[in-house]
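Examining the three-dimensional arrangement
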Amino acid sequence: MLPVQCKMARTALGIGVRELAELAKVSPDTIARLERGEVLKERTIEDIKGALEAGGVIFLDEGSTTDGGPGVRLKG
């Protein structure tokens, strides 16, 4: 998960940094650090991504769409 994907996913779900931190069981500063592009432990990123996926987000890799880069979408 890229930093921009985390922010896009939060926006799509309509949740803030603190709410995502609570759902992922990490600190709000950890979410902010991820979104700034700082390096985090892989396990921490997996926890955050898992919380976003549980909320209904699907992560798209680069090339998942015709001419798009990495992104997110909501489950139908």
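Presented here is a report on the structure given in the accompanying data block. Quantities reported herein were computed from a predicted structural model and do not represent experimental measurements. (Residues numbered from 1 in each chain as written. Predicted model: local features only at pLDDT ≥ 70, side-chain atom pairs only at ≥ 80, totals over all residues. Heavy atoms only, no water.)

Some thoughts on the overall build of the protein
Under the convention used in this document: Under the scheme used here, helices are H or I runs from DSSP no shorter than 4 residues and strands are E runs no shorter than 2 residues, and both carry numbers assigned from the N terminus. Within these notes, the globule rule equals 2.2 Å times the number of residues to the 0.38 power, and the radius of gyration is based on C-alpha atoms.
A tally of helices and strands in the protein yields four helices and two strands. Each helix (α) and strand (β) of the protein, taken in turn from the N terminus, gives the series α-α-α-α-β-β. The C-alpha radius of gyration of the protein comes to 12 Å, within 12% of the 11 Å expected for a compact globule of 76 residues. Seen along its three principal axes, the alpha-carbon backbone of the protein occupies a region of about 35 × 25 × 20 Å.

Observations regarding a nonpolar patch on the surface
The following threshold applies: To count toward a patch, a residue needs a relative accessible area above 30% and no salt bridge. Like charges then connect within 9 Å, nonpolar side chains (Val, Leu, Ile, Met, Phe, Trp, Tyr) within 5 Å. Accessibility throughout is a Shrake-Rupley quantity obtained with a 1.4 Å probe, and a residue counts as covered only by protein chains that appear here. Salt bridges are defined by distance alone: a side-chain nitrogen of Lys or Arg within 4 Å of a carboxyl oxygen of Asp or Glu. Note on exposure labels: buried denotes an accessible area under 20% of the residue type's maximum, exposed denotes more than 50%, and partly exposed covers the range between, all computed with a 1.4 Å probe on protein chains only.
Taken together, the side chains of L2, V4 and M8 define a hydrophobic patch exposed on the protein surface, amounting to about 230 Å² of accessible area. Mapped onto the elements, V4 comes out in helix α1 (residues 3-13). Judged by its relative accessible area of 47%, V4 is partly exposed.

Here's the deal with the environment of M1
The following threshold applies: Only heavy atoms matter for contacts: two residues are in contact if any of them lie within 4.5 Å across the pair.
Note that M1 resides in the segment before α1. Judged by relative accessible area, M1 falls into the partly exposed class, the value being 23%. Taking the C-alpha atoms as reference, M1 lies 16 Å from L13; in sequence the two are 12 residues apart. With residues up to four places along the chain from it excluded, the contact list for M1 reads C6, L34, I45, I48, K49, L52 and F59.

Some thoughts on the pattern of salt bridges
Tallied over the full model, the rule gives five salt bridges. Here E38 makes a salt bridge to R33, at a shortest N to O gap of 3.2 Å. The class of E38 is partly exposed, set by a relative accessible area of 35%. A relative accessible area of 26% means that R33 is categorised as partly exposed. Taking the shortest distance from any N to any O, the salt bridge between R43 and E46 comes out at 3.9 Å. Placement of the pair is R43 and E46 together in helix α4 (residues 42-54), with a separation of three residues, close to one helical turn.

Examining α4
The cut-off we apply is this: Each residue after the first adds 1.5 Å to the expected span of a helix. The arc under discussion is defined with respect to the helix axis, by the directions toward the C-beta atoms.
Here α4 is 13 residues long and its end C-alpha atoms lie 18 Å apart, about the 18 Å a rise of 1.5 Å per residue gives. Where α4 is concerned, the buried positions are T44, I45, I48, A51 and L52. Along α4, the residues classed as buried sweep out an arc of 125° about the axis, all on the same side. Counted as exposed and oriented over 90 degrees from the buried face of α4: E42, R43 and A54. For α4, the elements touching its buried residues are α1, α2 (17-24), α3 (28-35) and β1 (57-60). In the stretch just after α4, G56 is the one whose phi turns positive, near 115°.

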